[in-house]
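If you want the building blocks of each chain, they are given just below.
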Amino acid sequence: MTDHVAEFRGDLKEFHEMTEKFYKKEINVAQYKGFSGGFGSYAQRGGNASMLRLRLTGGEITKDQLKFIADSVEKYEISLTHITTCQSLQLHNLSEEQVCALIEEAFDHGIITRGGGGDFPRNVMCSPLSGVQQGEYFDVIPYAKEAADYLLGFIKKVKLPRKLKVCFSNCEENVTHATFRDLGFVAKENGMFDVYSAGGLGRSPRMGALVATDVEPSKILYCIKAMVDTFTAHGNYEKRAAARTRFMQETMGTENYIKAYQEYFKKALAEESLDLKHVEIPKITKQGNGTLDNPRAISQKQPGLYAVSYHPIGGSPKPEFFRKLYDTILPMEDVVVRLSPDEGMYLINLTAKEAETILSLTADSAQNTFESSVACIGASICQVGARDSQSLLAACVERVRKENFADGVLPKIHISGCPSSCSAHQIAPLGFRGGVRQTPDGPKPAFAVFEQGCETQGKEAFGEDLGVMLESDIPEFLAELGTAISACNQTYEQFLSEHRDQFMDIVQKYI
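Participant: Can you lay out the pairing of strand β16 (residues 413-416) for me, pointing to particular residues and giving the numbers?
Facilitator: Judged by which residues are buried, β16 turns out to be covered on both faces: Ile-413 and Ile-415 on one side and His-414 and Ser-416 on the other are all buried. In terms of strand pairing, strand β15 (residues 374-375) meets β16 through 2 bridges, oriented parallel. Residue pairing for β16: Ala-375 is matched across the bridge by Ile-415. For the segment spanning β15, helix α12 (residues 389-401) and β16, crossover handedness is left-handed. Where β16 and strand β17 (residues 430-439) come together, 4 bridges link them in parallel fashion. Bridging from a neighbouring strand, Ser-416 pairs with Arg-433 of β17.

In structure tokens form, the structure reads like this:
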């Protein structure tokens, strides 16, 4: 990683120059986006402020990096932070001077923003509880870090048709969507990986193709080289809308795609020297005592230790939270912060007493499954967003809280402001995608409704599109649905299974 910091730091001069040109109106939003995305920065809607995406492999934040974030919030009076579904942290509402200063300072703390956007290998994702989760097959985060370091090396050497997302999963929960990403490594009980590729959400979603089985962890870089070679050989460089890896399954046919990938894999094995020889698997020697009973406190596989889940509503922690968190965990041995793909975070390696302290610090967390719902940053900030996802989620939470439903009555919903599926609405039990609905009074803000999506390995499914619902009706729809489920004394899943006709009757009233 140190080598990459030095390699990319020299590029920042050009970033400063182009950012200055943009704010002087010498280049337009589209021209700037095409450049700045490669540095993990975009202009926000309206072109008067910027955001910076901090690239964090597996969502892991060291104490030094956490201090940098806390210091930056205070130094630059940052008013909005957002955890993404790709385990990055976005800093919003930045001025020209602030974004230029922050991108330099991030490099000083080992946070490379290069490739945080644009047509590059993106942040490598990893199961956030890897290494501590009970029932996991094995700890995959050391391999995610090796993959991330290797992928950075392609940024200056290879021109990809579009972005490339790589991830690792440690168990069947599949929270990183490893079976339907551009390239996903799925851990197995035998200590090997199955490898899936050419999958993804958004327009024309696709499940990944199984391209390799029982791959030794030491061989993962060959799989990545094969993916890059296949994408550059068969990806669409002419039409951006068709330039993601999943479209290769359509243009080539899935069987031909698998064959092409496997040929490049064999070629890489024959011609490259990419074996991982000294991957260090972290050993947690910390010990804890005492017990804790709290739904946000998760017992680790290490006896006596806990992970605490924190999910700020909408994935946007109050900026001042980072200082409080840093001050709190600084004296705690081996405690690590990991951002999660559902816009939350985990604090891992906590004793019961430490976990109680963190639970108190994070008392503003979502208190049930529904409140931990996922929403993209939305159209108030995103250039391409159609609807304000964050505003809708806030309205839904406010309305549903009045009903005091039991946990599980309503599911975790996913809200995307546009078809890009940044919230992964297509794999949600109940998902919403921003758009417009024509009414007798003219077009009004609305969301398409999706249901019965699933991310779990072996049960993967994209949700069915039920129709379009007015944005203003969605909070009341959820309240009515929750009331019906509560009357049956069931969870959402039970209700859907046993009373689907009633569910559809409620939906039809609103679509």
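Participant: For the pattern of salt bridges, give the residues involved together with the corresponding values.
Facilitator: Within this structure, the stated rule accounts for 32 salt bridges. Where Glu-60 meets Arg-338, a salt bridge forms, and the shortest distance between an N and an O atom there is 2.7 Å. Separated by 278 residues along the polypeptide, Glu-60 in strand β3 (residues 60-61) and Arg-338 in strand β13 (residues 336-339) bring together distant segments of the chain. Arg-338 matches Glu-60 in its accessibility class, with the two residues each being buried. Each of the salt bridges in this network shares a partner with another, and the network as a whole consists of Lys-67, Asp-71, Glu-74 and Arg-323.

Participant: Hey, could you go over the environment of Ile-111 for me, with residue numbers and the actual values?
Facilitator: For Ile-111, the location among the structural elements is in the loop between α5 (96-108) and β6 (125-126). A relative accessible area of 0% means that Ile-111 is categorised as buried. Taking the C-alpha atoms as reference, Ile-111 lies 6.5 Å from Leu-54; in sequence the two are 57 residues apart. Non-local contacts of Ile-111, meaning those with residues more than four positions away in its chain, are made with Leu-54, Arg-55, Leu-56, Gln-65, Phe-68 and Ala-106.

Participant: Please provide a residue-by-residue account of the packing of helix α13 (residues 474-487) against helix α15 (residues 500-510), values included.
Facilitator: Where α13 meets α15, the axes come as close as 10 Å, and the angle between the chain directions of the two elements is 160 degrees. Judged by the inter-axis angle, α13 sits roughly antiparallel to α15. The element α13 and its partner α15 pack so that their crossing is right-handed. In contact with Glu-476, Phe-477, Glu-480, Leu-481 and Ala-484 of α13, α15 contributes Gln-502, Phe-503, Ile-506, Val-507, Lys-509 and Tyr-510.

Participant: Give me the lowdown on the packing of aromatic side chains, citing residues and values where you can.
Facilitator: Aromatic rings considered in pairs are described by the distance between their centres and by the relative angle of their planes. Using the criterion set out here, one finds 17 aromatic pairs in the structure. With a centroid separation of 5.3 Å and an interplanar angle of 40 degrees, the aromatic rings of Phe-15 and Phe-39 are classed as tilted. Of the two residues, Phe-15 sits in helix α2 (residues 12-23) while Phe-39 sits in the loop between α3 (29-36) and β1 (41-43), which places them 24 residues apart along the sequence. Using a relative accessible area of 0% as the deciding quantity, one classes Phe-15 as buried. Between Phe-168 and Phe-193, the ring centres sit 5.7 Å apart and the planes meet at 75 degrees, which makes this aromatic pair edge-to-face. Linking Phe-168 in strand β7 (residues 166-169) with Phe-193 in strand β9 (residues 193-197), this pair joins segments that are 25 residues apart in sequence. Of the aromatic side chains, those joined through ring pairs into one cluster are Phe-138, Tyr-143, Phe-168, Phe-185 and Phe-193. It is Arg-114 that lies over the ring of Phe-39; its NZ or CZ is 4.2 Å from the centre.

Participant: Residue-level account of the pairing of strand β8 (residues 183-187), with values.
Facilitator: Burial analysis of β8 places 5 of its 5 residues in the buried class, which makes it a mostly covered element. As paired elements, β7 and β8 share 4 bridges and run parallel to each other. Directly across from Cys-167, in β8, lies its bridge partner Gly-184. Where β8 and β9 come together, 5 bridges link them in antiparallel fashion. Counted as the bridge partner of Ala-187 is Phe-193 from β9. A loop of 5 residues connects β8 with β9, the two strands running antiparallel in sequence, and Gly-191 in this loop sits at a positive phi of about 85 degrees.

Participant: How would you sum up α15? Please name residues and give values.
Facilitator: Working note: α-helix, 3.6 residues per turn, so residues spaced by three or four point in the same direction. Taken together, the buried positions of α15 are occupied by Phe-503, Met-504, Ile-506, Val-507 and Tyr-510. Down the axis of α15, the buried set is contained in an arc of 160 degrees. They therefore lie on one face. Exposed residues pointing more than 90 degrees away from the buried face of α15 are listed as Asp-501, Asp-505 and Lys-509. Among the structural elements, β17, β18 (442-451), β19 (464-470), α13 and α14 (492-498) are those in contact with the buried residues of α15.

So, how was this worked out
- Residues numbered from 1 in each chain as written.
- Predicted model: local features only at pLDDT ≥ 70, side-chain atom pairs only at ≥ 80, totals over all residues.
- Heavy atoms only, no water.
- Buried < 20%, exposed > 50% of the residue type's maximum accessible area, 1.4 Å probe, protein only.
- Helix = DSSP H or I, 4+ residues; strand = E, 2+ residues; numbered from the N terminus.
- Pairing = 2+ DSSP bridges.
- Right-handed = clockwise from strand over helix to strand, strands pointing away.
- Salt bridge = Lys/Arg side-chain N within 4 Å of Asp/Glu carboxyl O.
- Contact = heavy atoms within 4.5 Å.
- Axes fitted to C-alpha atoms, helices over the stretch in contact; angles between N-to-C directions.
- Parallel < 35°, antiparallel > 145°, perpendicular 65-115°, else oblique.
- Left-handed = near helix turned anticlockwise from the far one by under 90°.
- Phe/Tyr/Trp six-rings, centres within 6.5 Å; stacked < 30°, edge-to-face > 60°.
- Lys NZ or Arg CZ within 6 Å of the ring centre and 35° of its normal.
- Arc of directions from axis to C-beta.

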